[in-house]
Amino acid sequence: MRVCGLMSGTSLDGLDIAIVDFSKTNGDLQYELKHFVTIPYDNELKLKLHELMDPNVSIQKVSSMNMYLGELYASYIKEALVDSEIEYDSIDLISSHGQTIWHEPFVNKNEKYARPNTLQIGDIAVLAEKAKIPVIGDFRTRDMAAGGQGAPLVPFADYYLFQHERQGRILVNIGGIANITVVPHKTSSKNVIAYDTGPGNMIIDYFVSKYTNGQQSFDRDGNLAKLGVVHSEFLEYLMNNQYFELSAPKSTGRELFGQAYSECIWSVGDQYNLTPLDKISTVTMFTAKTLANEIVRLIEPYEVKEVFISGGGVHNSTLLNYLIELLPDTIRMEETDVLGIQHDAKEAFVFALLGFLGFNKIPNSLPSSTGANRQTVMGKIAW
């Protein structure tokens, strides 16, 4: 079965498109990533999507963008195949994560109508109509209905595909938010755990955009952070956030570490008389330290020897150097490319996998990472 996986993350950079062939031989899943491309969003669309992150935005804007993204995704798939050897008609299924504009796993239990909730837009019925291909999407709500947080979902694939015979592994994805999956070796009695460790590129991107007056949307290769100095007191202030005290499973997003938070801590940096470059360097270390703290804590109990990195953060060498400095020398750190999954393609690949399994009525959730009461088959289908 040929599946087109679509992923648009919290960084709002663009749409990741992965074409993956799946088959089963003697019960074992076989897969091959045939094509991957990212189609960037233009600045106008990025601005419109950022506007939707405001809790006070009008329902009309949310609803209209939901339909528009369904159309846009269909056109992007065709555009992605122009320079490839993939025939459009060879695609059997589209599996779309959608664009998260709201994710609220924790609510006030005393409010009668409050429920844990999440919203990904990019309507799958519109996408199916325009693409003329069946679509599976809206994965997270089923896990929430089963008592989970609807996130993180990538750990299912980490466990399903990358468990090692003799040693524990940690797989890290650094997108807008950073998350880890801790996969015990096959003879271990421990369960997989996975959760969001905190901010990934999100705050860094905001600081870079503010410093450059919007001329740069991210810190290419960590060049700006490299020019600054990490300020220990500012870093200590950043680390003093209640999210880091929560027990796993836990998940987060723009609601906690988005624009409002970034604006606040930019001003806090002014109180320490920091230069913009020092601020960028410090929030880069903030991401590295929140990741490293969790990895170090889990090395011994899970017998971890290897850490594999994916996501946009891979392109920030200063961030990766900070992370390496904070980890013990006994840990080998590599990109997921060595596992056969291109680091930029991983999340789109994962949603292709989740879609393939869900479409075939095979359970595709991991309750130990989301906190759900049971495993479910996630995804709604539009024919």
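Source: prediction; values computed, not measured.

A. Structural view of the overall build of the protein chain. Assigned secondary structure in the protein chain consists of 14 helices and 12 strands. Against the compact-globule benchmark of 21 Å for 383 residues, the protein chain has a radius of gyration of 20 Å, which places it among compact chains. Overall size of the protein chain, expressed as C-alpha extent along the three principal axes, is 60 × 50 × 50 Å. Across the 383 residues of the protein chain, 56% fall into the buried class. Partitioning the intrachain contacts of the protein chain with sequence separation of at least 6 by distance along the chain shows that 69% fall at a separation of at least 24. With 32 positive and 46 negative side-chain charges, the protein chain shows a spacing of 6 Å between the two charge centroids.

B. Just unusual backbone geometry, in detail. At the junction of Ala 151 and Pro 152, the peptide bond is cis and its omega measures out at -10° in the coordinates. Inspection of the secondary structure puts Pro 152 in the loop between α4 (140-145) and α5 (154-162). Residue Lys 132 is not a glycine yet carries a positive backbone phi of 60°. Looking at the element boundaries, Lys 132 is found in the loop between α3 (124-131) and β6 (135-137). We classify Lys 132 as exposed; its relative accessible area is 62%. Of note, the phi angle at Asn 273 is positive, near 60°, even though the residue is not glycine. You can call Asn 273 exposed: its relative accessible area is 69%.

C. Fine view of the sheet that holds strand β10 (residues 304-310). Pairing in this open sheet of five strands is mixed, and the strands run β9-β8-β7-β10-β11 from one edge to the other. Among the strands making up the open sheet, the edge pair consists of β9 (193-199) and β11 (332-335). Averaged over all neighbouring strand pairs, the angle between strand axes comes to 20°, with direction disregarded. Sheet analysis places β10 next to β11, joined by four bridges and oriented parallel. Paired with Val 307 across the two strands is Met 333, which belongs to β11. Against the sheet, α5 touches β7 (168-174), β8 (177-183) and β9, its axis set at about 35° to β8.

About the thresholds
Residues numbered from 1 in each chain as written. Predicted model: local features only at pLDDT ≥ 70, side-chain atom pairs only at ≥ 80, totals over all residues. Heavy atoms only, no water. Helix = DSSP H or I, 4+ residues; strand = E, 2+ residues; numbered from the N terminus. Rg over C-alpha atoms; globule rule 2.2 N^0.38 Å. Buried < 20%, exposed > 50% of the residue type's maximum accessible area, 1.4 Å probe, protein only. Contact = heavy atoms within 4.5 Å. Lys, Arg positive; Asp, Glu negative; His and termini not counted. Charge placed at Lys NZ, Arg CZ, Asp CG, Glu CD. Pairing = 2+ DSSP bridges. Axes fitted to C-alpha atoms, helices over the stretch in contact; angles between N-to-C directions.

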